[in-house]
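As a plain string of letters, each chain reads:
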Amino acid sequence: MIEIRGIRKSFAGVEILRGIDLSIGAGEIVALIGRSGCGKTTLLRCINFLEDYDAGEIKLDGEVLWYRADSTGGRRRCPEKDLARQRQRMGIVFQQFNLFPHMTALENVCLGPRFGQKLAADAAELRARELLSRVGLADRLNSYPAHLSGGQQQRVAIARALAMKPQVLLLDEITSALDPELVAEVEDVIRALTQEGIAMVLVTHAMSFAREIAHRIAYLADGQIAEIGPPQEVLDRPRDKGLREFLRRIR
Amino acid sequence: MEMTASDLWVLAQAAVISLLMALAAIAFGTLLAVALTPLAFAPWALGRAIYRLYIFVVRGTPVLLLALLVFYALASFWGRISPYAAGIVVLTLYLAALIAEVFRGGVLAIPRPLWDCAKSLGLPRLSILRRVVSPLVARYALPPYLNVCVMAVKASSVLSIISVWELTLASREIIERTLDVYRVLAVAALLYFIMCFAIDRLGRNLESRLAARGFAGERL
């Protein structure tokens, strides 16, 4: 469903991604692991075009995203309108929740459907209520982010990402900023989502969680995918030397 | 000769003129600033250059000089011109520069991740501006904005130089007639203080109302 081909990205002359190829099937869950600075978050942000990339191509269901070839053989950013439409097919959840502080939980979740997808107000609200109750926050609809715990905020953020009915969910270390006792409530929500067949790409340091829900785990090193495969292979029988070292260190 | 009760009444009327001039300029200045601030973030260099030039010129000129300049410039263009109209134009131009910078600061204060979020939801630009950026800027910019509003009341005193009959000019007239310097000035100062204080109270009220609506957490 998602085809990533040869993505390259430099920041200030330093190449962070050096040709990433990755295909993600419908409903597939892929975990990205690797040392900090290896480019996993950058890759996730490139998939959603929060970062532009220097070379390569990302396709979703056969449609090339973010750039168009122009007549000179180069490429050109798609117009804003297309970018917005393409982004609506993916949801992203960030490490730091990033809820809009001036909106209630309900308003945060309504925003995308209402103004991105131009749904009627009551339809957007209905969808938002449904999603918030699915993440266990039916009783906090009108709370502002500042009055919610980290775990609750992250669950609102997940509901907000789901509100666009995306085909893919991108999760960027979504439990890293949480107190240990709040991690489980967010993981439970994600676990429940795995039953619904939505594709996910998650950047994570929580290896046991990755092992549990991911179909495949990709280990990134030096801006490339150094090893990829089912969790049992990648985590239990790593072939890459760097990966063995990495796994030994985080255990 | 001492100032009389009727002089007091005259000063009160003059204070109202000062306040009206300031309020009109704040209103127009805010509108102009709303148009100016986006220029500061324009994708084309020309827009940003126009913005910088405007701020540089207007902020870098003393208001007194600006008042004389605009008054004579307008007068040479249209012949006789009402000093009140010229006064509002002067204050508007001046306040717009200050307020545009206040708004620009508010935009810069929006954390980058919130921009990312708004983009990732696929919101069109206008919706991002309207639903996310403007309400946040209003909250971040409110304290420095009020600061500018209070300054506006005091800056209106400069307009006496182009014969706008406001509190400062009225005070001088009464002083020249009565020579009761200190009492007149004390009353004028008190009136300025009351006006500034009222704006300050109004603003704090607004601030705490916004805070109650979930901005930046608990009430302080």
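Residues numbered from 1 in each chain as written. Chains lettered and ligands numbered in written order. Predicted model: local features only at pLDDT ≥ 70, side-chain atom pairs only at ≥ 80, totals over all residues.

Asker: Hey, could you run me through the overall build of chain A in this one?
Answerer: Along chain A, the regular secondary structure elements total nine helices and 12 strands. Whereas a compact globule of 251 residues would reach a radius of gyration of roughly 18 Å, chain A reaches 18 Å, a difference of no more than 12%. Considering chain A as a whole, with its 251 residues, one finds that 45% of them fall into the buried category. For chain A, contacts bridging at least 24 residues in sequence account for 64% of all contacts bridging at least 6. (Helix = DSSP H or I, 4+ residues; strand = E, 2+ residues; numbered from the N terminus. Rg over C-alpha atoms; globule rule 2.2 N^0.38 Å. Buried ≥ 20, exposed ≤ 12 C-beta atoms within 10 Å, placed from the backbone. Contact = placed C-beta atoms within 7 Å.)

Asker: Mind showing me how you'd approach the packing of helix H3 (residues 105–116) of chain A against helix H4 (residues 121–134) of chain A here?
Answerer: Packed helix pairs are characterised by how far apart their axes lie and by the angle those axes make with each other. Residue and element names in this part refer to chain A. Put simply, H3 and H4 touch, their axes get as near as 8 Å, and they point 125° apart. In terms of their interaxial angle, H3 and H4 are classed as oblique. Classified by chirality, the crossing of H4 by H3 is right-handed. Across the interface between the two elements, Ala105, Leu106, Val109, Cys110, Pro113 and Arg114 from H3 touch Ala121, Ala124, Glu125, Arg127, Ala128, Leu131 and Leu132 from H4. A per-class count over the contact of H3 with H4 returns 10 nonpolar, no polar and three charged. (Axes fitted to C-alpha atoms, helices over the stretch in contact; angles between N-to-C directions. Parallel < 35°, antiparallel > 145°, perpendicular 65-115°, else oblique. Left-handed = near helix turned anticlockwise from the far one by under 90°. Nonpolar A, V, L, I, M, F, W, Y, C, P; charged D, E, K, R; others polar.)

Asker: Sorry, what's going on with the interface of chain B and chain A here?
Answerer: Often, the extent of an interface is quoted as the loss of accessible area on bringing the components together. The interface of chain B with chain A comprises 23 residues on the first partner and 23 residues on the second. Within the residue set of the side of chain B that touches chain A, elements represented by two or more residues are helix H5 (112–120) and helix H6 (125–155) of chain B. The biggest single contributor to the side of chain B that touches chain A is H6 of chain B, with seven residues. Considered class by class, the residues forming the side of chain B that touches chain A number 11 nonpolar, five polar and seven charged.

Asker: Could you clarify how one ought to interpret the sheet that holds strand S10 (residues 199–203) of chain A in this entry?
Answerer: Strand pairing within a sheet occurs via backbone hydrogen bonds; the two strands may be parallel or antiparallel. All names here are of chain A. Taking strand neighbours across the sheet as the criterion, the six strands line up as S8-S9-S10-S3-S11-S12 in an open arrangement whose pairing is mixed. The outermost strands of the open sheet, each flanked by one partner alone, are strand S8 (90–93) and strand S12 (224–229). Going across the sheet, the axis of each strand differs from the next one's by a mean of 20°, ignoring polarity. Inspection of the sheet shows strand S3 (residues 29–33) paired to strand S11 (residues 216–221) by four bridges, in the parallel sense. Counterpart to Ile33 in the pairing with S11 is Tyr219. (Pairing = 2+ DSSP bridges.)

Asker: Would you take a moment to explain the packing of helix H2 (residues 45–59) of chain B against helix H4 (residues 83–109) of chain B for this structure?
Answerer: Residues and elements named next belong to chain B. Contact geometry for H2 and H4: axes closest at 9 Å, N-to-C directions at 125°. It follows from the interaxial angle that H2 and H4 lie oblique. Note that H2 runs across H4; the crossing there is left-handed. Contacts from Tyr54, Ile55, Val58 and Arg59 of H2 reach H4 at Leu93, Tyr94, Ala97, Leu98, Ala100 and Glu101. Considered class by class, the residues forming the contact of H2 with H4 number eight nonpolar, no polar and two charged.

Asker: What am I meant to see in H2 of chain B here?
Answerer: It helps to recall that an α-helix has 3.6 residues per turn; residues three or four apart then point in one direction. Taking 1.5 Å of rise per residue, 15 residues should cover 21 Å, and H2 of chain B covers 21 Å from first to last C-alpha, within 8% of that figure. A small share of H2 of chain B lies buried, amounting to one of its 15 residues. (Expected span 1.5 Å × (residues − 1).)

Asker: Just to check I follow, could you spell out unusual backbone geometry for this structure?
Answerer: Note: most residues except glycine have negative phi, and most peptide bonds are trans. All names here are of chain A. Its identity as a non-glycine residue notwithstanding, Phe49 has a phi of 60°, on the positive side. Inspection of the secondary structure assignment puts Phe49 in the loop between helix H1 (40–47) and strand S4 (55–60). One non-glycine residue, Phe97, adopts positive backbone phi at about 60°. Within the element layout of this structure, Phe97 appears in the loop between S8 and H3. Take Phe97: there are 24 C-beta atoms within 10 Å of it, and that puts it in the buried class.

Asker: How should I be thinking about the sheet that holds S4 of chain A in this particular structure?
Answerer: All names here are of chain A. If you trace the four strands from one edge of the open sheet to the other, you get S2-S1-S4-S5, paired in antiparallel fashion. A strand with exactly one partner marks an edge of an open sheet, and here the two such strands are strand S2 (14–24) and strand S5 (63–64). By the bridge criterion, two bridges tie S4 to S5 in an arrangement that is antiparallel. From the neighbouring strand, Leu60 faces S5, where its bridge partner is Glu63. On the sheet, H1 packs against strand S1 (2–11), S2 and S4 and is oriented at approximately 120° with respect to S1.

Asker: Please explain the environment of Ala42 of chain B as it appears in this structure.
Answerer: Residue and element names in this part refer to chain B. Tracing the backbone shows Ala42 in the loop between helix H1 (5–40) and H2. A residue is classified by how many C-beta atoms lie within 10 Å of it, and Ala42, with 13 of them, is partly exposed. Expressed as a C-alpha distance, the spacing of Ala42 and Ile161, which sit 119 residues apart in the sequence, is 37 Å. Residue contacts for Ala42: discarding those within four places in its chain leaves Gly47 and Arg48.

Asker: Got a minute to help me understand helix H7 (residues 167–178) of chain B in this structure?
Answerer: Residue and element names in this part refer to chain B. Under the 1.5 Å per step criterion, the end-to-end length of H7 is 16 Å for 12 residues, consistent within 8% with the ideal 16 Å. Listed in full, the buried residues belonging to H7 are Leu167, Thr168, Leu169, Ala170, Ser171 and Ile174. Looking one or two residues beyond H7, the residue adopting positive phi is Leu179, at roughly 60°.

Asker: Sorry if this is basic, but what is going on with the pairing of S11 of chain A here?
Answerer: In regular strands, side chains alternate between the two faces of the sheet. Residues and elements named next belong to chain A. With five bridges connecting them, S11 and S12 associate as antiparallel partners. Residue pairing for S12: Tyr219 is matched across the bridge by Glu227. Count of turn residues in the S11/S12 antiparallel hairpin: two residues, of which Asp222 carries a positive phi of about 50°.

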